[in-house]
Amino acid sequence: MAARVFGNFTSSSSTITVALFSDVSNSKDVREMLIGGKIEAAFVKPSVIVDPWQVQVAANKAFHLDKINKKSTRNIYTEILYSLSPSKNITDSFKKFGLANEDTSVLVVIVNNQGTPLEDIQTHIAGQLITLDSLPEHTDENLVKKIYKIKEAELSVGSLLDAVVSRIASKDIAPV
């Protein structure tokens, strides 16, 4: 299977499953199911994801906040989208990182197998499950730099992934 299961570093018994779909032709329908609560998972735009590590950091942060009852959103899956964003505006986070009606690729994130099983999600997505190794082909680095306000000078001392993960980790500490 093309999906990857990562360990959760805030809990040894927890996992994060990440799967990438391409050639998705029914994003609007899937988004409606997601909003209607028929699917429980985080649906993330791959264009704003540099590496699966970025998702893993945001999912771990969301898992931790859920565990200590400090979430800013309603559930762990919306908290993942919010955690990915450098903004403290929840609506803006959903728009920039969540599935849009016109998206043709999507990254699905399931925490601890508590959401809809990936096999069920696959039946709802009219697209192809592909290897996570092809994520860079879907990433728009210029968009990532714009969203996270990353300057070229910063990239001379670290990677784009380093800059993004630093912003995710420090969101609640320092204003962007």
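Presented here is a report on the structure given in the accompanying data block. Given the structure is predicted, the values throughout are model-derived calculations rather than measurements.

## Looking at helix α2 (residues 52-67)
Compared with an ideal rise of 1.5 Å per residue, which puts 16 residues at 22 Å, α2 spans 22 Å between its outermost C-alpha atoms and is within 8% of the ideal. In terms of residue burial, α2 counts as a mostly covered element, since 12 of its 16 residues are buried. Listing the buried residues of α2 in full gives Pro52, Gln54, Val55, Gln56, Val57, Ala58, Ala59, Asn60, Lys61, Ala62, Phe63 and Leu65. With a side-chain oxygen positioned 2.8 Å from the backbone nitrogen of Trp53, the residue opening α2 is Asp51. Asn69, located one to two residues past α2, shows a positive phi value of around 55 degrees.

## Examining the nonpolar core
In terms of nonpolar packing, the biggest core is built from 53 residues, with Phe43, Ile80, Leu84, Leu107, Val108, Ile125 and Tyr148 touching the most fellow members. Setting aside its immediate chain neighbours within four residues, Phe43 contacts Val30, Leu34, Leu81, Phe97, Gly98, Leu99, Val106, Leu107, Val108, Ile121 and Ile125.

## Regarding the packing of aromatic side chains
Within this structure, the stated rule accounts for 1 aromatic pair. Ring centres of Phe97 and Tyr148 lie 6.0 Å apart, and the angle between their planes is 70 degrees; on these two criteria the pair is classed as edge-to-face. You can see Phe97 sitting in helix α4 (residues 90-97) and its partner Tyr148 sitting in helix α6 (residues 141-148), a full 51 residues away along the chain. You can call Tyr148 buried: its relative accessible area is 1%. The aromatic ring of Tyr82 is capped on one face by Lys171, whose charged end is 3.3 Å from the ring centroid.

## Section: the layout of surface pockets
As a volume, the largest pocket reaches approximately 500 Å³. Around the largest pocket sit 21 residues that line it, and Leu34, Ile35, Thr78, Leu81 and Phe94 are the ones nearest its centre. At the level of elements, α1 (27-35), β3 (42-44), α3 (76-84) and α4 are the ones that each hand at least two residues to the lining of the largest pocket. At 4 residues, the largest contribution of residues to the lining of the largest pocket is made by α3.

What counts, and where the lines are drawn
Residues numbered from 1 in each chain as written. Predicted model: local features only at pLDDT ≥ 70, side-chain atom pairs only at ≥ 80, totals over all residues. Heavy atoms only, no water. Helix = DSSP H or I, 4+ residues; strand = E, 2+ residues; numbered from the N terminus. Expected span 1.5 Å × (residues − 1). Buried < 20%, exposed > 50% of the residue type's maximum accessible area, 1.4 Å probe, protein only. Polar contact = N/O pair within 3.5 Å; in protein donor to acceptor, adjacent residues only side chain to side chain. Core = buried A, V, L, I, M, F, W, Y, C linked by side-chain atoms within 4.5 Å. Contact = heavy atoms within 4.5 Å. Phe/Tyr/Trp six-rings, centres within 6.5 Å; stacked < 30°, edge-to-face > 60°. Lys NZ or Arg CZ within 6 Å of the ring centre and 35° of its normal. 1 Å grid on protein atoms, 1.4 Å probe; cavity = no way out; pocket = protein on both sides within 12 Å on 5 of 7 lines; lining within 4 Å. Points joined across faces, edges and corners; volume = space filled by probe spheres on them.

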